[in-house]
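Given next are the chains, with one letter for each unit.
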Amino acid sequence: MIRSLHRWPGLIAALLLCVIALSGTALSLFPALESASSPAVPAISVAELAERVQAVEPTVEQIRQAPSGRITAYYYEGDQPAAAVIDPSTGAAIGSADTSAVQRWLTNLHRSLFLDDAGRIVAGVGAATMLALTISGLALLARRTGGWRHIFASPRGRGDGRLHASIARFSVAGLMLSSLTALWMTASTFGFVPEGAGAPAFPADVSGRTGLAPASIELLQQTPIADLRKLTFPVAGDKNDVFTLKTTVGEGYLDQGTGALLAWSDAGAWASVSEFIIMLHTGQGASVLGLLLGLSALAVPVMSWSGIRLWLGGRKDRKSASVPADKADTIVLVGSEGGTTWGFAETLRAALTAAGEKVHVGPMSAFEPARWPRAKRIVLLASTYGDGEAPSSAHGFLQLLAALPSAPKAPLAVLGFGDRSFPAFCSYAAEIVGAAEAKGWRQLLPMDTVDRQSPQDFARWGRDLAQALGLAFELNHQAVAPKTLELRLLSRRDYGADVQAATAILRFALPKVSFWQMLTGQGFPRFEAGDLVGILPEGSDLPRLYSLASGSRDGFLEICVRRHPGGLCSSQLTMLEPGDSVHAFLRRNPGFRPLRGKAPVLLIGAGTGIGPLAGFARANRFLRPMHLYFGARHPSSDALYSEELASWQEDGRLASVTHAYSRGSRPIYVQDALRKDASRVAKLVTAGAQVMVCGGREMAVGVASALSDILAPQGLTLATLKAEGRYAEDVY
């Protein structure tokens, strides 16, 4: 329990804590520099200080003393306000009082991450996380060293674990103090901590006289300069104004004509505590302590790095409980995009291990036969991404295979994973087999396939593998159901009734996540338009995936759904009413989103394929050129997002919008609209534009054909664009 409490907050908030810690370290230097550069404060009264400053700057309005001892005067130069650091022994200005741009920038980063109150809340959460890490870290350190009495003894172990524990021993006190004081300051900022009495009510009755010199006021004569926080002078010519004096013990008003004390309020215990805590956290008035806290904060990025390495190392050791690759007789490599194929690999590993085999499991991208001296066989579990492409964990596999001087000696078995309803069913696995045969790689058994994650297909292939290996095992795969959260429907907009193609834009509220879920990463993750949401329909364990038309920053989750005849999930979704709920999970889709930069983007879609494209336009706050080509059936019933598209075109989020209605007065398909704009499309793509296509497979094939014809005279092909990452599809 303690280890989990220490691990997950640290992993989740590592970057935030590093930013806060490093900026805090940098800020700790400024109080030390300020203290070192400030003149010594003589043992004089506030009255004497005011007299000296006023003699040099007759227009002085206020004198302040910082906790560091630096004294600043605020006055006028002509009709312009000015401020300067003052030498209290002479009252003369000795330097500018302006805060440097670097210090202001660091302060805003440290306190609020440039996000105002929202950023202050995030920084406060970071402080709470750091406090939890220090407490749980101390407990773990005591356990590691053999008890609290030995907590400062040399830690056992080596490598990252020893480094992590060694640094923690010397930084934990400073980090705990920093986090506690930061939490107090955050609570004070939002009014959760009493602030003390504050200033008294402004006096209703004054003498009406003016002109008394500060040096003649008894209270100012009795107040040593060391106690001064602020002295404000009355406005010249205003008989109703007063002197305002703030010291370490309180705040009050003095008559400008008689010097009499008109009102006073003691600082109180809360104000003293707050001032002390601010001093501890900022180092203002205790620069040496500030430097020590800043030094301890430097441990945060180092411990974050070593902690992540420890977690990854432990995760690697735990993952699949596989043996090191150089000691394995069976190498199982996985090519997966969404992660489900790893579950099949674990089922295979467990069965082979029970049969006495030593199995190593890893990604196909780690293909390196030279490091597998004991391997007797190599098994590839390869899914197919998109239109026959390599999944994320298999990137570069075919290139690694082609670069080998000869085929591996261990025979090969390939099992493809895919969906038979797609034309490119298991085509990547087939491409691997073709490349292996061309290399002369001996096959352990013919390639087989698993359709839609079928346990039956996997078990059938397992029996063939067991026979080929002369072993006795069965592959009984139990799919792990994804963890879901409840999504509540906020609103819906309906289209398509006139053409018997009921379509709805469904907007869901983001699920409420508890503070603990957020800390442990169990809540609904952040997402962007183009990512996928998996919906579990009632009566089925097989989720359906829908492309998102919104991102987390929009504050809601939105999808476009067309009702398909006999479609279990689409029928349930299109029958939802506001207030109804569904169970869902998020799946990343990083391959389908606009690339970074300012290059133009061609958004091409039809029907519900407009969903993620609308999301890209909605998120286009920096107004990069985005050109939308949208195909639908009829303008009167299928004009999805018509109001938003007009608004986004008006404010520049969309540079142009081209509609193609197949049942309008002038029927046209989206690929025909592209051909009609061939010169502009070719010019944009030649200039570096990215092309993004979303919608039905038949539409995508037509768009690909049109683009191939348009780009051929320019010497460009879709294969080239794909290789450059400038052509992406999300088709169904």
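This structure is a prediction, so every number in the text was calculated from the model and none was measured.

**Examining the sheet that holds strand β20 (residues 601–606)**
Inference 1: Overall, parallel pairing links the five strands, which are arranged β22-β21-β20-β23-β24 in an open sheet. Of all strands in the sheet, those with a lone pairing partner are β22 (656–661) and β24 (727–731), marking the two edges. Between one strand and the next, the sheet's axes are offset by a mean angle of 10°, whatever the strand orientation.
Inference 2: The pairing of strand β21 (residues 626–632) with β22 spans six bridges and is classified as parallel. What sits directly across from Ala632, in β22, is Tyr661.
Inference 3: The sheet contacts of helix α22 (residues 697–711) involve β20, β23 (690–695) and β24, and relative to β23 the element is tilted by about 155°.

**Brief notes about the pattern of salt bridges**
Inference 1: Applying the stated criterion to the full structure yields 19 salt bridges.
Inference 2: For Asp531, the salt bridge identified is with Arg593, shortest N-O distance 2.4 Å. Here Arg593 lies in the loop between β19 (581–587) and β20 and Asp531 lies in the loop between α16 (515–520) and β16 (532–536), a separation of 62 residues in the sequence. In this pair, the class of Asp531 matches that of Arg593, namely buried.
Inference 3: When salt bridges that share partners are traced, they join Asp448, Asp457 and Arg460 into one network.

**Notes on the sheet that holds strand β5 (residues 228–232)**
Inference 1: Strand order in the open sheet made by the eight strands is β4-β3-β2-β1-β5-β6-β7-β8, with antiparallel pairing throughout. Where the open sheet ends on each side, the last strands, each with one partner, are β4 (93–96) and β8 (261–266). Neighbour-to-neighbour, the strand axes of the sheet open up by a mean angle of 25°, direction not taken into account.
Inference 2: Taken together, the four bridges between strand β1 (residues 62–65) and strand β2 (residues 71–77) define a ladder with antiparallel strand orientation. Across the sheet, Ile63 pairs through a bridge with Ala73, a residue of β2.

**Considering the nonpolar core**
When a protein is soluble and globular, its nonpolar side chains tend to lie buried together.
Inference 1: One finds Leu603, Ile610, Phe616, Leu628, Tyr641, Leu645 and Leu654 to be the most contacted residues of the largest nonpolar core, which totals 28 residues.
Inference 2: Going through the elements one at a time, β20, α18 (610–618), β21, α19 (642–651), β22 and β23 are the ones with two or more residues in this core.
Inference 3: The element that contributes the greatest number of residues to this core is α18, accounting for five residues.
Inference 4: Discounting residues that sit within four places of it in the chain, Tyr641 has contacts with Arg493, Tyr495, Ile505, Ala549, Glu558, Cys560, Ile610, Gly611, Ala614 and Arg618.
Inference 5: Judged by nonpolar contacts, the second largest core, of 27 residues, contains Tyr629, Ala700, Leu707 and Ile710.

How each quantity is defined
- Residues numbered from 1 in each chain as written.
- Predicted model: local features only at pLDDT ≥ 70, side-chain atom pairs only at ≥ 80, totals over all residues.
- Heavy atoms only, no water.
- Pairing = 2+ DSSP bridges.
- Helix = DSSP H or I, 4+ residues; strand = E, 2+ residues; numbered from the N terminus.
- Axes fitted to C-alpha atoms, helices over the stretch in contact; angles between N-to-C directions.
- Contact = heavy atoms within 4.5 Å.
- Salt bridge = Lys/Arg side-chain N within 4 Å of Asp/Glu carboxyl O.
- Buried < 20%, exposed > 50% of the residue type's maximum accessible area, 1.4 Å probe, protein only.
- Core = buried A, V, L, I, M, F, W, Y, C linked by side-chain atoms within 4.5 Å.

Bear in mind that shape data such as this cannot, by itself, settle questions of function.
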